[in-house]
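Listed here are the chains, written in short residue letters.
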Amino acid sequence: MARVRLSVAERRDELLRAAVEQIEARGVAAVRVSDVATALGVSNALVLYHFSTKEKLVAAAFAHAAEADLAHLRRLLGRRATAVRRLRAAVRWYAPTGQAKGWRLWIEGWAASLRDPGLRRVAASLDQEWKAALTRVIAEGVAAGEFSCPDPAAAAWRLTAFLDGLAVQTTAYAGSLSRTAMLRWADAALARELGLPDDQPDPTPEPTPR
């Protein structure tokens, strides 16, 4: 059966989604251009036409997956709700729960970026966007008088660093921490940064894991 002719944008999207799947299955170091091509039934040359090297393909795939996460984060933080409710929903969603496929991809990306300057630039830029989004909502909460936080940017850095550390532990050592304990710690970390008691009931439903 002949393949449907795709536009350039559609083809790139198809290649990126396949690359993400292959990276999750094989890891950044082991994945090859041929793995992506075989998964789609296309030639290596077609993959390299759109992404001239494996390194560029990996960096673009990482950005493709992370941008989807960022879009979801923006939706959570853009809701019509108090800053506290938005932040709690975002922190609970960002936290490494379930099978955490997204976190495995991030951890693979962090490791590979130590040797790949292009991937390091992509990862750093996306990481800054996460921190900036949280910083803005923390600052909104301070301005609205919901809580006190003398340095919203520093609070966002500490929160993401804490959750990133949890992600490495729970992804690398499955079963080392229960989902309930991890979410309780995430809530407590947010409460500390906002100067709030850490035993407040959560008014929002538990979100889908990252």
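This structure is a prediction, so every number in the text was calculated from the model and none was measured. (Residues numbered from 1 in each chain as written. Predicted model: local features only at pLDDT ≥ 70, side-chain atom pairs only at ≥ 80, totals over all residues. Heavy atoms only, no water.)

**Student:** Give a detailed account of the overall build of the protein, specifying residues and quantitative values.
**Tutor:** A tally of helices and strands in the protein yields nine helices and zero strands. Counting the 210 residues in the protein, one finds 45% classified as buried. A separation of at least 24 residues holds for 68% of the contacts in the protein among residues at least 6 apart in sequence. About 11200 Å² of surface is accessible on the protein, with carbon and sulfur atoms providing 55% of the total. (Helix = DSSP H or I, 4+ residues; strand = E, 2+ residues; numbered from the N terminus. Buried < 20%, exposed > 50% of the residue type's maximum accessible area, 1.4 Å probe, protein only. Contact = heavy atoms within 4.5 Å. Areas by Shrake-Rupley, 256 points an atom, 1.4 Å probe, with all protein chains shown as cover.)

**Student:** Outline helix α1 (residues 8–26), listing residues and values.
**Tutor:** Compared with the 27 Å implied by 1.5 Å per residue over 19 residues, the 26 Å span of α1 between its first and last C-alpha is a close match. Along α1, the positions that sit buried rather than exposed are Arg11, Glu14, Leu15, Leu16, Ala18, Ala19, Val20, Gln22 and Ile23. (Expected span 1.5 Å × (residues − 1).)

**Student:** Could you give an account of the pattern of salt bridges, with specific residues and numbers?
**Tutor:** If you walk through the whole model with that rule in mind, you get nine salt bridges. With its nearest N and O atoms 2.7 Å apart, the salt bridge here joins Glu129 to Arg74. Taken as a pair, Glu129 in helix α7 (residues 117–143) and Arg74 in helix α4 (residues 54–77) lie far apart in primary sequence, 55 residues in all. When its relative accessible area of 28% is taken as the criterion, Glu129 is described as partly exposed. Given a relative accessible area of 40%, Arg74 falls into the partly exposed group. (Salt bridge = Lys/Arg side-chain N within 4 Å of Asp/Glu carboxyl O.)

**Student:** An account of α7 is needed here, citing residue identities and associated values.
**Tutor:** Within an α-helix, residues lying three or four positions from one another point in the same direction, as the helix has 3.6 residues per turn. Here α7 is 27 residues long and its end C-alpha atoms lie 38 Å apart, about the 39 Å a rise of 1.5 Å per residue gives. Its side-chain oxygen at 3.0 Å from the backbone nitrogen of Gly118, Asp116 defines the N-terminal cap of α7. Just beyond α7, the residue with positive phi is Gly145, at close to 80°. (Polar contact = N/O pair within 3.5 Å; in protein donor to acceptor, adjacent residues only side chain to side chain.)

**Student:** I'd like a description of the nonpolar core, backed by residues and values.
**Tutor:** Core analysis: the largest hydrophobic core is formed by 61 residues, its most contacted members being Leu73, Leu87, Ile138 and Phe147. For this core, the secondary structure elements donating two or more residues are α1, α2 (33–40), α4, α5 (83–94), α6 (101–113), α7, α8 (152–172) and α9 (179–194). The element best represented in this core is α4, accounting for 11 residues. (Core = buried A, V, L, I, M, F, W, Y, C linked by side-chain atoms within 4.5 Å.)

**Student:** Give a detailed account of the packing of α1 against α2, specifying residues and quantitative values.
**Tutor:** Two numbers describe how α1 lies on α2: the axes approach to 9 Å, and their chain directions differ by 120°. At the point where α1 passes α2, the crossing takes the right-handed sense. On α2, the residues that touch Glu14, Leu15, Ala18, Ala19, Gln22 and Arg26 of α1 are Asp35, Val36, Ala39 and Leu40. A breakdown of the residues in the contact of α1 with α2 according to their chemical character gives six nonpolar, one polar and three charged. (Axes fitted to C-alpha atoms, helices over the stretch in contact; angles between N-to-C directions. Left-handed = near helix turned anticlockwise from the far one by under 90°. Nonpolar A, V, L, I, M, F, W, Y, C, P; charged D, E, K, R; others polar.)

**Student:** Describe the confidence of the model for the protein, naming the residues involved and giving the relevant values.
**Tutor:** Averaged over all residues, the pLDDT of the protein is 85; the fraction at 70 or higher stands at 90%. Per-element confidence in the protein ranges from a low mean pLDDT of 79 for α6 to a high of 96 for α2. (pLDDT = per-residue confidence, 0-100.)

**Student:** Mind laying out the packing of aromatic side chains, listing which residues take part and the relevant values?
**Tutor:** One pass over the structure, following the stated rule, counts four aromatic pairs. Relative to Trp106, the ring of Phe62 lies with its centre 4.9 Å away and its plane at 75°, an arrangement referred to as edge-to-face. Here the residue Phe62 occupies a position in helix α4, and Trp106 occupies one in helix α6, the gap between them amounting to 44 residues. The exposure class assigned to Trp106 is buried, which follows from its relative accessible area of 4%. Aromatic ring contacts, followed pair by pair, group Phe62, Trp106 and Trp110 into a single cluster. Of note, Lys131 hangs over the ring of Trp157, and the distance from its end group to the ring centre comes to 4.5 Å. (Phe/Tyr/Trp six-rings, centres within 6.5 Å; stacked < 30°, edge-to-face > 60°. Lys NZ or Arg CZ within 6 Å of the ring centre and 35° of its normal.)

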